[in-house]
Amino acid sequence: MAERILFVIPPYFNIDDYGPGNRASVLPPFTIPYGILSLHAYLKARCAKPVEVDILDLNLPLRQAVDRGETADILARFDHLIAERVNVFQPTVVGISALFNISFRYIQDIARVARQSAPEALIVAGGGLPSAAYQQVLDLCPDVDAICKGEGEIPVRDLVDADEPAAVLAHHPSWITRDGVAAGKIPSHTFVADLDEIPMLDYDMLDLDDYNSRSIDKRYAGLKKREMAIHTSRGCPFLCVFCSNPSLHGRQVRAMSVERVRAEVRLMKERWSLTVLLIEDDHFFFDKARAKEVLRALAEMGIRIEFPNGVAVYAIDEEVAELFSRAGVSTVALAVESGSDYVLNKIIKKPLKTGIVKDKVAMLRRNGVQSHVFIVLGLPGEMDEHRQQTLDLLLDVGFDWAHIFCAVPIFGSRLHEICVENGYIEQTGFLDHVNTKSVIRAPGVDPEAIERTAYQMNLIVNFVHNYNLAAGNYETAVHYFENVVNKYPGHAFGHHALARAYDGVGRADAAMSARRRFQEIVANDVWWSEQSVRHGLVTG
């Protein structure tokens, strides 16, 4: 008899943040559940028993509810969807896969409904959040039977193949139960050492149209495309204070062979019509020679490539920039994080000097590659002067877009440990643990001020002093700001910047219409009116 595993993905954004008047909330990208697809491929190939797998991603109905403005009964809707899927699929195992703190509130509700619908099923949880917070999950989620620590391929295989699953949960190094916690057990990782041992993923498990909007290069927004993701490596040797990756994948990097990467991407293109490859490695340049070989292999594919997760700035040189161009890389996100060397070296513990950033961006730009940047504000010990240095860097370098986040104490990160030890977490409700909200109150950090600073920095860098507008790259600016106002029709600065971009490309009527919309918003919204005055944007 086949083992039947239903994987449920809880929401990774908070429905309460999308009501009227909440300007800071941005819908997150909807990412292909790569880890679950990897589990599915590995289990199908490596289990002695037959295995059937199904996936229920609750982010999809939640996004639909936000789009329709029908979110009032979304939790009841979740209960219905879970019960319906469990009744149809009849799983023997329900696996709840959660990455971030914000998903905490949903885990017990999922487990409760699954328990009611399938009383005999084993209910387990895994992913970044349960791996790092296994004791809290077991304490607060009574219907969860066990937690898997770290990567799940080998631990779940061992569980599925066991004649006595309870014995595996009790004695396997990567499984932890309430009895194990009581006995003092500390779970440990069981990694797949050779990623080539994981068979190529089956994307027929998904409707890929549901995961076609993670691309960060907005020059292609609205155009027909097929986005797909790949993780060519796992693990990261760095210990950036806000990152939980080492607690999930470890510090030793393991990687696919170049041939495996080539074969997998070729299959994506031939079978699923891939046009945009998103390389989501945590540290793609851990082996620079291998990274260059991967880029050379991908240059054969005739596809567009992005790096949306953040690339190590130090690894970029003229050869890498040229290889990016040859491989079809249109945009990379650079993991700069701060414009202050003090914050980078003393707080984040990141091996980066801000003085190299401008030259690296120039290298990319000479090769036709856009640069986005990730910035994190509100780390304990960061002061106003450091945030000013960050703003100065952003304005001086001139990135194509800046993604400015508030620091979140993610379970499994050193930041979470620091905040717990020092009582810095002001908001203990996990629904507030999103990167548009500051929940840390510490020396130099006032959470309300951090949120205001992050939003103002976004307005200044991306709108008022936008690099592409200043450089005369008006066509690019049109695409970016059309994307903004299509997603957020009430964003006054988006309409103002779009009017400037339309002026630049000679679309006078469109510019007039965009400027008129800016004026209407400012005339009817006190907050936007204040912002227009503050930043000197004309309304006449």
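Residues numbered from 1 in each chain as written. Predicted model: local features only at pLDDT ≥ 70, side-chain atom pairs only at ≥ 80, totals over all residues. Heavy atoms only, no water.

**Q** Let's hear about the environment of Phe78: which residues, and what values?
**A** Tracing the backbone shows Phe78 in helix H3 (residues 74–89). For the pair formed by Phe78 and Tyr106, sequence separation is 28 residues and the distance between their alpha carbons is 9.6 Å. Leave out the neighbours within four places in its chain, and Phe78 touches Pro11, Leu58, Pro61, Leu62 and Tyr106. (Helix = DSSP H or I, 4+ residues; strand = E, 2+ residues; numbered from the N terminus. Contact = heavy atoms within 4.5 Å.)

**Q** I'd like to hear about the nonpolar core, residue by residue, with values.
**A** Counting 150 residues, the largest nonpolar core has Tyr203, Leu277, Phe307 and Phe324 as the members making the most contacts within it. By residue number, the principal contributor to this core is helix H4 (residues 104–117), which donates 7 residues. When residues no more than four places from it in sequence are discounted, the contact partners of Leu277 are Met228, Ile230, Val265, Met268, Leu298, Ile303, Arg304, Ile305 and Glu306. By size, the runner-up hydrophobic cluster in this structure holds 27 residues, among which are Val484, Ala499, Tyr502 and Leu537. (Core = buried A, V, L, I, M, F, W, Y, C linked by side-chain atoms within 4.5 Å. Buried < 20%, exposed > 50% of the residue type's maximum accessible area, 1.4 Å probe, protein only.)

**Q** An account of the side chain of His172 is needed here, citing residue identities and associated values.
**A** As for its placement among the helices and strands, His172 is situated in the loop between helix H8 (165–171) and strand E6 (175–176). Once residues within four sequence positions are removed from consideration, His172 is found in contact with Pro155, Asp158, Ala167, Lys185 and Thr190.

**Q** Mind laying out the sheet that holds strand E7 (residues 227–230), listing which residues take part and the relevant values?
**A** Two strands in a sheet stick together by hydrogen bonds in their backbones, pointing the same way (parallel) or opposite ways (antiparallel). Strand order in the open sheet formed by 6 strands is E7-E10-E11-E12-E13-E14, with parallel pairing between adjacent strands. At either end of the open sheet lies a strand with only one pairing partner, and these are E7 and strand E14 (401–406). Direction aside, neighbouring strands of the sheet carry axes that sit 20° apart on average. Note: strand E13 (residues 370–377) against E14, 6 bridges, orientation parallel. The residue bridging Leu377 from the neighbouring strand is Cys406, located in E14. Against the sheet, helix H11 (residues 258–272) makes contact with E7 and strand E10 (276–279), and its axis sits at roughly 160° relative to E7, the strand it touches most. (Pairing = 2+ DSSP bridges. Axes fitted to C-alpha atoms, helices over the stretch in contact; angles between N-to-C directions.)

**Q** Mind laying out helix H17 (residues 414–422), listing which residues take part and the relevant values?
**A** All buried positions along H17 are accounted for by Leu415, His416 and Cys419. End-on view of H17: buried residues confined to an arc of 100°, all on one side of the axis. In the stretch just after H17, Gly423 is the one whose phi turns positive, near 70°. (Arc of directions from axis to C-beta.)

**Q** Kindly report on unusual backbone geometry, identifying the contributing residues and their values.
**A** The phi dihedral of Ser273 is positive, around 60°, even though this residue is not glycine. Tracing the sequence through the fold places Ser273 in the loop between H11 and E10. Despite not being glycine, Glu337 shows a phi value in the positive range, around 75°. With respect to the secondary-structure elements, Glu337 resides in strand E12 (residues 329–337). What makes Glu337 buried here is its relative accessible area of 6%.

**Q** Break down the pairing of E13 for me, citing the residues and quoting the values.
**A** Note on strand geometry: in a regular strand, side chains alternate between the two faces of the sheet. Of all the 8 residues making up E13, 8 are buried; the element is thus mostly covered by neighbouring parts of the structure. Across the two faces of E13 the burial is the same, with Gln370, His372, Phe374 and Val376 and Ser371, Val373, Ile375 and Leu377 all buried. Bridge count between E12 and E13: 5 bridges; the pairing is parallel. Each residue of the ladder has a partner; that of Thr331, found in E13, is Gln370. Each parallel crossover has a hand, and the one from E13 via helix H16 (residues 384–397) to E14 is right-handed. (Right-handed = clockwise from strand over helix to strand, strands pointing away.)

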